[in-house]
Amino acid sequence: MDKDQILDIAQYLYDAELNRQETDKITLQKAPEISIAEAYQIQKQLNQLKVADGQKIYAPKLGLTSPAKMKQMNVDHPIYGYVFYYMLVKNFGEIHLRDYIHARVEPEIAVVLKNELQGPGITLSDVENQLDYVVSSLEILDSRYRNYEFTLPDVIADNTSARGAVYSEEKVYLSPRDLIKETVVLRINGEMKAKGNGAAVFGHPLKAIVFLANELGKSGEKVPANIPIMTGGMTAAVEIKAGDLIEVEYETLGDIKIQVKS
Ligand code: OOG
Ligand code: MG
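Since the structure is predicted, the reported quantities are computational estimates derived from the model, not experimental observations.

Examining the site of ligand 1
Logical step 1: Within the structure, ligand 1 sits among 17 residues, and Leu 64, Lys 69, Glu 106, Ser 161 and Gly 233 are positioned closest to it.
Logical step 2: Note that an oxygen atom of ligand 1 is positioned 2.7 Å from one of the backbone N or O atoms of Leu 64.
Logical step 3: The side chain of Glu 139 places a nitrogen or oxygen atom 2.9 Å from an oxygen atom of ligand 1.
Logical step 4: About the coverage of ligand 1: the protein hides 100% of its 320 Å² of free accessible area.

So, the coordination of the magnesium ion (ligand 2)
Logical step 1: Every protein donor of the magnesium ion (ligand 2) is accounted for by Glu 106 (OE), Glu 108 (OE) and Glu 139 (OE), and the metal-donor separations fall at 2.0 Å.
Logical step 2: Sequence positions of the donors to the magnesium ion (ligand 2) reduce to the motif E-x1-E-x30-E. For the pair formed by Glu 106 and Glu 108, the shared burial category is buried.

Observations concerning the sheet that holds strand 12 (residues 245-250)
Logical step 1: Strands sit in the order 4-13-12-8-9 across an open sheet of five strands; the sheet is mixed. Each edge of the open sheet is held by one strand with a lone partner, namely strand 4 (94-96) and strand 9 (191-197). Within the sheet, the average angular offset between the axes of one strand and its neighbour, ignoring direction, is 20°.
Logical step 2: Of the strand pairs in this sheet, strand 8 (residues 183-188) and strand 12 are connected by five bridges, and their pairing is antiparallel. Bridge pairing in strand 12 places Leu 186 opposite Val 248.

The rules we used
Residues numbered from 1 in each chain as written. Chains lettered and ligands numbered in written order. Predicted model: local features only at pLDDT ≥ 70, side-chain atom pairs only at ≥ 80, totals over all residues. Heavy atoms only, no water. Near = heavy atom within 4 Å. Polar contact = N/O pair within 3.5 Å; in protein donor to acceptor, adjacent residues only side chain to side chain. Areas by Shrake-Rupley, 256 points an atom, 1.4 Å probe, with all protein chains shown as cover. Donors = N, O, S within 2.8 Å, 3.2 Å for Na, K, Ca; no water. Buried < 20%, exposed > 50% of the residue type's maximum accessible area, 1.4 Å probe, protein only. Pairing = 2+ DSSP bridges. Helix = DSSP H or I, 4+ residues; strand = E, 2+ residues; numbered from the N terminus. Axes fitted to C-alpha atoms, helices over the stretch in contact; angles between N-to-C directions.

The following block contains the structure:
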């Protein structure tokens, strides 16, 4: 794939986000034979277009790290993308459905490292040694693709459906063992919609960071320190609608509450 084609597809995905219009997945016609590496090149170009527009990256994020998510999306490989500052939503605040195409929410554990990490060769004990604290989070997904139907390269190019993120302000110093046991319940209008636990993410949420460090290492990039990194949805994502009250209750991490307006 040449530079012009990468730019063309990145702009196509950016336009879908800006216009809040769901669109054909890129493997349908634009790039049917695309590789994983090319998909990440498109994602990088897409993120650069946003940076050129004055937007700023906040933190990396993982996706498709739990069986619940892999099954729901019918993609069986973990991925990474980036949360931008413009995507941040304040905890106990509200969101407007009109800002999204077809938003879904999913509870996640976000981890903060003491020092940056760079693969290759990063192991679980490297990440455990650098674990500073964890915070609860809720990701707001908004795939640019029609009906959330995509293949692995499609969702990578689309910056892993990222469109919103809520992080609790409560820092919790959990041991890796307790991180695995941490439970979460997602309620909408008081009704339980999903539940999960830390073990859902690769059996150990810090393994998501191992994956990220070794993947980013391939292009000489590092996992940043002092910023919360979402390790991937522990449950299937849930569709939201105007009027919904979203409540996420964690066992020890801070609770998250968001009101959905039209
Ligand atoms: C892709 C993004 C996956 C996660 O936590 O698994 C993701 C999607 O489900 O649209 O962020
Ligand atoms: Mg997610």
